[in-house]
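Chain and residue survey
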Amino acid sequence: MNNLYRLFTQQKAIVAIAVILLVMVAAGGDVSRIFFSSYNLLDMLNSSTILVILGLGVTLTVIAGGCDLSIGGILVVSGILSIQLQNFMPMPLALVLAVLFGTLVGFFNGFLVVQQKTEPFIITLGVGLLLTGVAQQLSDAHPVPANNPDFMNISNGYQFGDGQFTEGHFPGIPNLVIIMLICFVFFAWLIRYTSFGRNLYAIGGDYDVARYSGINVVANKWMTLVISGTMAALGGVLLSSKLNTGSAIYGDFTALVVNCGVVVGGTSFAGGVGGIWQSVLGLLLFGLLDNAMNVLNIPSWYQMMLKGTVIVAILWMDSYTQKRKRELV
Amino acid sequence: MDTAGSQIILSIRDVTKSFPGVRALNGVSIDVRRGMVHGVVGENGAGKSTLMKILSGVYKKDTGTIVFDGKTIDHTTPYESMHRGLAIIYQELNLVNSMSVGENIFLGRFKEMKGMRGTHAKARELLDSIGCKVSTTKLVSELSVSTKQMVEISKALSFQSKLIIMDEPSTSLTGEEMSLLVKIIHQLKAQGISIIYISHKLEEIFDFCDVVTVMRDGNVIDTKPRGEFTRDELITKMVGRTIENEYPERSRQVGETLMEVKGINTRKLHDVSFTLRKGEILGLVGLVGAGRTETVRAIFGADRVRGHKVTIGGKPVTIHNPKQAKDAGLGLIPEDRKLQGLVLPFSVEQNISMASIDRFTRFGFLIKSLEKGIGARHVKSLGIKTPNTKVAIKNLSGGNQQKCIVGRWMEIGPSIFIMDEPTKGIDVGAKYEIYLLMKEIAEKGGAVILISSELPEVLNMSNRVLTIYDGRITGEFDPEHIPADVIMRAALGLGGAS
C-alpha cells in the first residue's frame with residue numbers, strides 16, 4: 001500500500017495514464033470497444049515510437065543538466081536526407097549518412113553548449129530553427145516522396161506476423177515497436193548499469209562536484225548531445241520511412257513535445273534526477289492522450305487545451321508534493 | 001556579571017520537534033535575557049540549527065511554548081518573525097548578490113523608505129551606527145564575507161530587532177574581521193539587544209558570551225553563566241565523553257620530496273613555489289582571499305593556470321583539469337562542502353563512490369555489489385553516522401557529510417591530499433577524527449596540504465607552515481618552534497620571513 005502510494009506521488013504520469021484509461025472504460029459502448037481494440041492499442045504504441053526514440057536521447061541530456069531542442073530540426077533534415085541521398089547511393093549507405101548527420105549536429109551542439117558553455121535551451125532551439133530552415137531549402141518547401149518499397153518497409157513492416165488485423169489472427173509486431181524496444185532496453189541499461197550513466201547523474205546533480213571528483217565532465221556531457229542528435233536523426237529516418245515522405249513540417253512541435261514529455265515523466269531540467277522509464281511513461285502519456293481524444297472525437301482546439309492542462313497539472317502537482325515533502329522535513 | 005537581573009526576552013519551554021525517524025529536539029527549554037550574549041554550543045546534529053529554524057519560522061514545532069517579548073508565538077513565518085524583532089543571520093548569509101548594499105537592507109520595503117533616496121540614506125545611517133564604511137550603492141557580490149555580515153546586521157537593526165541570532169558567524173572571518181564583529185556585538189549588547197551566538201569555537205564562547213547553553217542529541221544539557229564553565233567541562237558536556245586532546249600528536253616521519261611546485265602565476269598569485277615531502281602535513285596560513293585556496297585550486301587543475309611546473313616523485317606532470325590531478329595521485333576536499341563537495345540528489349553511497357567509479361566498473365558495467373562494499377567500508381571505517389548507505393546525503397549532519405567526502409578520496413588513496421578548510425562547521429569530536437585521518441595519510445607515506453582559518457588547527461597539525469599574503473609566499477616556519485604571533489605577522493604581510 002505504501003509502495004503504491006509512493007508510486008502515485010512520485011510518478012504523476014502513471015496517475016494521468018490511469019485516469020485516461022478509466023475514462024475510456026467509463027465511456028463504454030463503441031468508444032471503449034474501439035479504444036481497447038488490439039488494432040487501436042497497437043497503432044497507438046506504433047505512433048508513439050518515434051517520440052520515444054527521440055526522448056531516449058533527450059533524457060540523457062536532461063539528466064546531465066542540459067536539454068536538446070534541436071531534435072526537431074535534426075529530425076526533418078535527416079528525414080529528407082535519407083530520401084534524397086538514395087538518388088546517389090544505395091539505400092543502406094544513404095540511411096547511415098542521414099543518421100551520421102544527426103551525430104555531427106550533436107557534436108556541434110556539444111561544442112557550443114559544453115565546451116563553450118552557452119545556454120543549452122536557447123542554443124539548441126536556435127540550431128533547431130536553423131535546421132528547419134535548411135530542411136525547407138533542401139525540400140524546396142514541398143514534401144519529398146520516396147519511391148523505394150524496401151525503404152517504406154523499414155517502418156511499416158511487421159515481424160512474427162503479416163500485419164493483417166482479422167478475427168483470431170495474431171497480426172505480429174510492428175518493426176517500429178521492435179526498434180523502440182531495443183533502443184529502450186539499451187538506454188535503460190546505459191543509464192542504470194554503466195559508469196557513463198552514473199557520471200551523467202553526478203554531472204547533472206552538481207557539475208562542479210563531479211569535476212572536482214575527477215570525472216571527465218566535458219566529454220561525458222558532450223556525449224549526451226552527440227547521442228541525442230544521433231537518436232533524433234534515427235527518428236527522422238524512421239519517420240520518413242513510415243510516411244514514405246520527407247518534409248520540413250514534421251519537426252515543428254516535436255522538439256518541445258519530446259522535451260516536455262521527458263520532464264512530465266519526472267526527469268527534471270534541474271538535472272541529476274529521473275530516468276529512462278520515467279521519460280518513456282511521460283512520452284507514452286502524450287500518445288495515449290492524443291489517441292483517446294481522437295477516439296472520443298474531441299475537436300482539435302479542445303485537444304490542445306486538454307494537453308496543455310495535463311502538462312501544467314502534472315508539473316504543478318509535482319512541485320506541490322516536493323514542497324510538502326520539504327515542509328515535512 | 002549578574003545574569004539573573006535583566007528581563008527575559010525569549011522564553012523557550014519544552015519544545016519538541018521530530019523529523020521522520022529522528023527526534024531532533026527533545027523538550028528543550030532556554031531563557032534568553034535582554035542585552036545578553038547567549039552562546040549555544042553543541043556538536044553537529046545536537047539540534048541547535050533546528051531550534052533556531054523553529055524560532056525564525058522555517059520549521060514548525062511539534063509541542064512546547066515559545067514566548068518572545070511578552071507574546072506567545074505559536075505559528076510564525078520568517079517574514080513575521082523579522083517584523084516582530086527576531087532576526088537570524090545564517091552562516092551562508094541571505095543576501096541578493098546582484099543588488100546593492102542599500103537595496104539588500106531594505107529589500108521589499110522601498111516604499112516605506114520613500115524610494116531609493118530614502119533607502120540609501122537610512123542604510124547609510126544604519127551602517128554608520130555599526131562603524132561600517134562600505135558604500136550603500138556597492139553590489140553585494142563585490143563584498144567580503146565580513147562586510148556582508150555587517151550588511152546583514154544592519155538589515156537586522158533596520159527591523160528594530162530585539163534579538164539577533166548569529167549562526168556560526170565567524171567561520172569565514174579572519175582574526176581582524178573577527179575582532180570587528182566582537183566590537184559590534186558589544187555595541188549591540190549595550191543597546192539592549194540580545195544575541196544568540198552559535199559557534200563551534202570555544203575561544204569565542206569564552207571571549208564574549210555571558211551565558212552558555214550546551215546542547216547534545218536534541219537536549220539542553222546545561223545552561224550556566226560563562227564564568228561557571230571550565231573549558232574541559234564544556235567540551236565534555238558537548239560530546240558526552242571526555243576528550244583527552246584536541247589534536248593528535250604530530251606525525252614525525254617526514255621523508256624525501258614528494259611534490260615540487262614551481263612558479264604559479266595568475267592574476268592573484270605571484271610566483272608561488274614550494275615543495276612537499278613524504279609523510280608531511282604542510283599548512284598554508286593566510287587571510288581569506290590571500291591566495292591559499294587559489295594555490296591549491298591551481299595545483300589541482302580546478303582553475304585554468306598555465307606555465308607553472310609540477311613534479312611528483314621526480315617526474316614532471318601536466319595537470320590542466322581535476323581528472324589529470326586525480327590520475328597523478330592528488331585528492332581535493334574543497335572549501336565549500338555544499339557547493340563543491342556534495343552531489344545533493346545522490347545517496348551516501350553514491351557520493352562516496354563517485355570518484356572511484358572505475359573501481360566497480362567492468363567493461364563499462366557498474367558492479368553494484370562492489371559499490372555497496374565501497375560505501376559500507378568507508379561508512380564503517382570513518383564512523384559515518386547514517387541509518388544506511390542508501391540514505392540521501394542531505395539528511396546527514398555537516399560532519400558526517402564531510403566524512404563522506406573524505407571517504408570518496410580515501411577509496412582512491414591519493415598520495416597527496418589537499419584539504420581546504422576540512423573542519424569548517426564540524427564539531428569537536430568529528431574534528432578529532434579528521435585530524436587522525438590526516439595523520440594516518442601522512443604516516444602511510446602520503447602528504448597533506450592543509451588550509452584552515454583556524455590558526456591553532458594549522459599550527460598543531462602541520463610539520464611545516466607556509467604563510468601566504470597577497471598572492472605571495474611570505475614565509476616558511478616550523479610551527480613547533482616558532483611562536484604563533486611570528487607566523488601570524490608573516491601571514492598579515494608584516495615581514496619577518498625566516
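Given the structure is predicted, the values throughout are model-derived calculations rather than measurements. (Residues numbered from 1 in each chain as written. Chains lettered and ligands numbered in written order. Predicted model: local features only at pLDDT ≥ 70, side-chain atom pairs only at ≥ 80, totals over all residues. Heavy atoms only, no water.)

1. Observations concerning the packing of aromatic side chains
By the definition in use, this model includes twelve aromatic pairs over all chains. Plain terms: the ring middles of A:Phe35 and A:Phe36 are 4.8 Å apart, the flat faces sit at 85° to each other, and that makes the pair edge-to-face. The buried category is assigned to A:Phe35, whose relative accessible area is 0%. Classification of A:Phe36 as partly exposed rests on a relative accessible area of 34%. Pairing B:Phe300 with B:Trp409 gives two aromatic rings, centres 6.0 Å apart and planes at 80°, and the pair type is edge-to-face. Highlighted residues: B:Phe300 in helix α9 (residues 292-300) and B:Trp409 in helix α14 (residues 398-412), separated in sequence by 109 residues. (Phe/Tyr/Trp six-rings, centres within 6.5 Å; stacked < 30°, edge-to-face > 60°. Buried < 20%, exposed > 50% of the residue type's maximum accessible area, 1.4 Å probe, protein only. Helix = DSSP H or I, 4+ residues; strand = E, 2+ residues; numbered from the N terminus.)

2. Some points on the interface of chain A and chain B
Between chain A and chain B, the residue contacts involve 24 residues of the former and 32 residues of the latter. Summing the contributions of chain A and of chain B, the shared interface buries around 2300 Å²; its carbon and sulfur component is 59%. In this structure, the connection of chain A to chain B is made through one salt bridge. The salt bridge involving B:Glu371 is made with A:Arg198; its shortest N-O contact spans 2.5 Å. (Contact = heavy atoms within 4.5 Å. Buried area = accessible area lost by both parts, 1.4 Å probe. Salt bridge = Lys/Arg side-chain N within 4 Å of Asp/Glu carboxyl O.)

3. Some details on the domain arrangement of chain B
Residue and element names in this part refer to chain B. Domain parsing of chain B yields domain 1 (8-239) and domain 2 (257-491). Centre-to-centre, using C-alpha coordinates, domain 1 lies 31 Å away from domain 2. With twelve residues of domain 1 at the interface, the matching set in domain 2 holds 13 residues. In this assembly, domain 1 packs against domain 2 so that about 1100 Å² is buried in total across both faces, 61% of it on carbon and sulfur atoms. In this assembly, domain 1 and domain 2 are joined by zero salt bridges. Here the residues of the side of domain 1 that touches domain 2 are counted per class, giving three nonpolar, six polar and three charged. (Domains from an automatic or database assignment. Nonpolar A, V, L, I, M, F, W, Y, C, P; charged D, E, K, R; others polar.)

4. Examining the pattern of salt bridges
Residues and elements named next belong to chain B. Inspection of the entire model under this criterion finds 33 salt bridges over all chains. Arginine 231 is paired through a salt bridge with glutamate 203; the nearest N and O atoms lie 3.5 Å apart. One end of the pair, arginine 231, is in helix α8 (residues 231-239); the other, glutamate 203, is in helix α7 (residues 202-208), and 28 residues separate them in sequence. With a shortest N-O distance of 2.8 Å, arginine 297 and aspartate 303 are connected by a salt bridge. Accessibility expressed as a relative area gives 15% for arginine 297, which makes it buried. A cluster of three or more residues bridged by salt bridges with shared partners is formed by Asp222, Lys224, Glu233 and Lys237.

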